[in-house]
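This is what each chain is made of:
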Amino acid sequence: MNETVCPKCGGRLKLYDKVKRIVRTKGRVTKWIVIRRVRCQICGRIHRELPEDIFPYKQYEAEVVRGVLEGFITPETMGYEDYPCEMTMLQWKAQKTQLLL
Ligand SMILES: [Zn+2]
């Protein structure tokens, strides 16, 4: 997702800064990714450019989120030692429509 115009007002976006975000993947591995933040020249809003394989504000890989939403990853699933807790899964399901947009 590389937006070049502001989703709010259509103004041009210019690179603002870069932030690091920690991402938790399956298998207890955590990694840092760099996310570029861009600023709208018109309204001044800050937007994040998110890598396509990461859902906004989710600390798990998209694959894991998708697995939960599609029902093949449950708290009992083997091989996902670092799976999200059941409450997190329920929250994802509640936000399903939003997440899969
Ligand atoms: Zn704007």
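The paragraphs below set out a description of the structure included in this document. (Residues numbered from 1 in each chain as written. Predicted model: local features only at pLDDT ≥ 70, side-chain atom pairs only at ≥ 80, totals over all residues. Heavy atoms only, no water.)

### Describing the overall build of the protein
Summing up its helical and strand segments, the protein has 3 helices and 3 strands in all. Along the protein, helices (α) and strands (β) appear in the sequence β-β-β-α-α-α when read from the amino end. Residues counted as buried form 32% of the 101 residues belonging to the protein. Counting only contacts in the protein whose residues sit at least 6 apart along the sequence, the fraction spanning at least 24 positions is 43%. Summing over all exposed atoms, the protein offers an accessible surface of approximately 7,100 Å²; the carbon and sulfur share of this is 49%. (Helix = DSSP H or I, 4+ residues; strand = E, 2+ residues; numbered from the N terminus. Buried < 20%, exposed > 50% of the residue type's maximum accessible area, 1.4 Å probe, protein only. Contact = heavy atoms within 4.5 Å. Areas by Shrake-Rupley, 256 points an atom, 1.4 Å probe, with all protein chains shown as cover.)

### A look at the coordination of the zinc ion
The coordination sphere of the zinc ion contains the protein donors Cys6 (SG), Cys9 (SG), Cys40 (SG) and Cys43 (SG), at a distance range of 2.3 to 2.4 Å. Taken together, the 4 donor atoms surrounding the zinc ion define angles of 99 to 119° at the centre, an arrangement classified as tetrahedral. Each donor residue of the zinc ion lies on one chain, and together they are spaced C-x2-C-x30-C-x2-C. Placement of the pair is Cys9 in the segment before strand E1 (13–25) and Cys43 in the loop between strand E2 (29–40) and strand E3 (46–49), with a sequence separation of 34 residues. A relative accessible area of 40% places Cys9 in the partly exposed class. (Donors = N, O, S within 2.8 Å, 3.2 Å for Na, K, Ca; no water. Tetrahedral: all angles 85-135°; square planar, octahedral: opposite > 155°, others 65-115°.)

### Let's talk about the nonpolar core
Ranked by size, the top nonpolar core spans 5 residues in total: Val65, Val68, Leu69, Met89 and Trp92. Listed by contribution, the elements that provide at least two residues to this core are helix H1 (62–70) and helix H2 (86–94). Sort the elements by how many residues they give to this core and H1 lands first, with 3 residues. (Core = buried A, V, L, I, M, F, W, Y, C linked by side-chain atoms within 4.5 Å.)

### Re the environment of Val34
On the secondary structure map, Val34 appears in strand E2. Judged by relative accessible area, Val34 falls into the partly exposed class, the value being 49%. Sequence separation of Val34 and Glu49 is 15 residues, and the distance between their C-alpha atoms is 9.6 Å. Other than its neighbours up to four places away in sequence, Val34 contacts Lys18, Val19 and Lys20.

### Considering the pattern of salt bridges
Close approach of charged atoms lets side chains of opposite charge pair. Scanning the entire structure with this criterion turns up 1 salt bridge. For Asp17, the salt bridge goes to Arg37, with nearest N and O atoms at 2.8 Å. Within this pair, whereas Asp17 is found in strand E1, its partner Arg37 is found in strand E2, the two being separated by 20 residues in sequence. (Salt bridge = Lys/Arg side-chain N within 4 Å of Asp/Glu carboxyl O.)

### Considering H2
Thr88, Met89 and Trp92 are the residues of H2 that are buried. Along the long axis of H2, the arc covered by the buried residues comes to 100°, so they all point the same way. Set apart from the buried face of H2 by more than 90 degrees, the exposed residues are Glu86, Met87 and Ala94. (Arc of directions from axis to C-beta.)

### So, the pairing of E3
Because side chains alternate across E3, one face comprises the buried residues His47 and Glu49, and the other comprises Ile46 and Arg48, none of which is buried. In this structure, the hairpin formed by E2 and E3 is closed by a connection of 5 residues, where Gly44 is found at a positive phi of approximately 80°. (Pairing = 2+ DSSP bridges.)

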